[in-house]
Amino acid sequence: MTDIFDDLATFYDIRDMQLVIRRRGGYVLKGQLANETVYVKLSDNKTPFDKEVELLKAFDESGGITPQLITSNMFNNWYVRLIREIPGVTLDKVLPNASGLERNEIISSTGCLLAEFQKQLNPEKISQMAFWQKNCGSQVDLPLWGDYLKSLLFKWIGRIKFNEHDYQLGLDKAVQSVIHETKQIQEPKTMSILHCDFVGRNILISSDMKATGLLDFEAIHIGDPESPPLS
């Protein structure tokens, strides 16, 4: 991969490019472009690439708490996104050394950040986006919530392989209970984007201990964050 990284650095004119993380199906690299820090994300799968590119472009139009997409293309069979850095340190690195008061500030501002993010795109905009509609197997004009939910549910359940111990624990019955409860979920009153990977490595904290930005949008789905829990 070193040769590809070098070729990428040359193609984009990025200096001091270094590997940040390797994960299944891709890489994240960091370097300097002119006078700013940028991240280069590589994926071998077109689906998360298309999803994140569409979302980042939409977020850029509304402004705010998400990184800006500089460009995206295909390079040597890799799907590449070049993204501007958002100032801040990830929550998982800040929280262990924070005082009690600082932790309260972080937790409070993180909740506000999540609420702000969920309102970043209005329902009409979301209804026109392709990333969630593809989960239904076809393009549609309006949210077909039941089809969307069913496709996600059976996608994940289809990955479960029960063994004898699982049956002894009754996990198969637990899954059937989830399926039953899911049928009771109502159409959402309002359509929002849900980050679904809201963990420390994806939340940025400023020097004054406030949550200021979010990263990584490949896990995003749609839904109603204000829906009451199932009984």
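About the cut-offs
Here, residues in each chain are numbered from 1, in the same order as that chain's written sequence. Per-residue local features of the predicted model are confined to residues with pLDDT of at least 70, and side-chain atom pairs are confined, for both listing and counting, to 80 or more; whole-chain, interface and lining totals are unaffected and use all residues. Remark: hydrogens and water are excluded; side-chain values derive from all non-hydrogen atoms of the structure. In this description a helix means any DSSP run of H or I spanning at least four residues, a strand means any run of E spanning at least two, and both kinds are numbered starting from the N terminus. Residue exposure (1.4 Å probe, protein chains only): buried if accessible area is under 20% of the type maximum, exposed if over 50%, otherwise partly exposed. Pairs of residues are marked as contacts when any of their non-hydrogen atoms sit within 4.5 Å. Pairing between strands requires that DSSP locate at least two bridges from one strand to the other. Axis definition: a line fit to C-alpha positions, over the contact stretch in the case of helices; interaxial angles, taken between N-to-C directions, run 0 to 180 degrees.

Would you take a moment to explain the environment of Ile 203 for this structure?
Summarising the element assignment, Ile 203 is placed in strand β8 (residues 203–205). Residue Ile 203 is classed as buried on the basis of its relative accessible area of 2%. Spatially, the C-alpha atom of Ile 203 lies 9.3 Å from that of Asp 216, the residues being 13 residues apart in sequence. Leaving out residues up to four positions away in the same chain, Ile 203 has contacts with Val 89, Thr 90, Leu 91, Thr 110, Leu 113, Phe 198, Ala 211, Gly 213 and Leu 214.

Mind showing me how you'd approach the sheet that holds strand β1 (residues 15–23) here?
Strand pairing in a sheet relies on backbone hydrogen bonds. The paired strands run either parallel or antiparallel. Strand order in the open sheet formed by five strands is β1-β2-β3-β5-β4, and the pairing between neighbours is antiparallel. Edge positions in the sheet fall to β1 and β4 (69–75), since each of these pairs with one other strand and no more. Neighbour-to-neighbour, the strand axes of the sheet open up by a mean angle of 20°, direction not taken into account. Each of β1, β2 (26–33), β3 (36–43), β4 and β5 (78–84) is contacted by helix α1 (residues 2–12), which is oriented at about 130° to β4, the strand it contacts most.

Would you explain the pairing of β3 in this entry?
The side chains of a regular strand alternate between both faces of the sheet. Taken across its eight residues, β3 has six buried, putting it largely inside the fold. Pairing geometry for β2 and β3, over eight bridges, is antiparallel. The partner of Leu 29 across the bridge, within β3, is Val 40. Two successive antiparallel strands, β2 and β3, enclose a turn made up of two residues, where Ala 34 displays a positive phi of approximately 55°. Sheet analysis places β3 next to β5, joined by six bridges and oriented antiparallel. Paired with Tyr 39 across the two strands is Ile 83, which belongs to β5.

In short, the description is geometric, and any link to function would need to be established separately.
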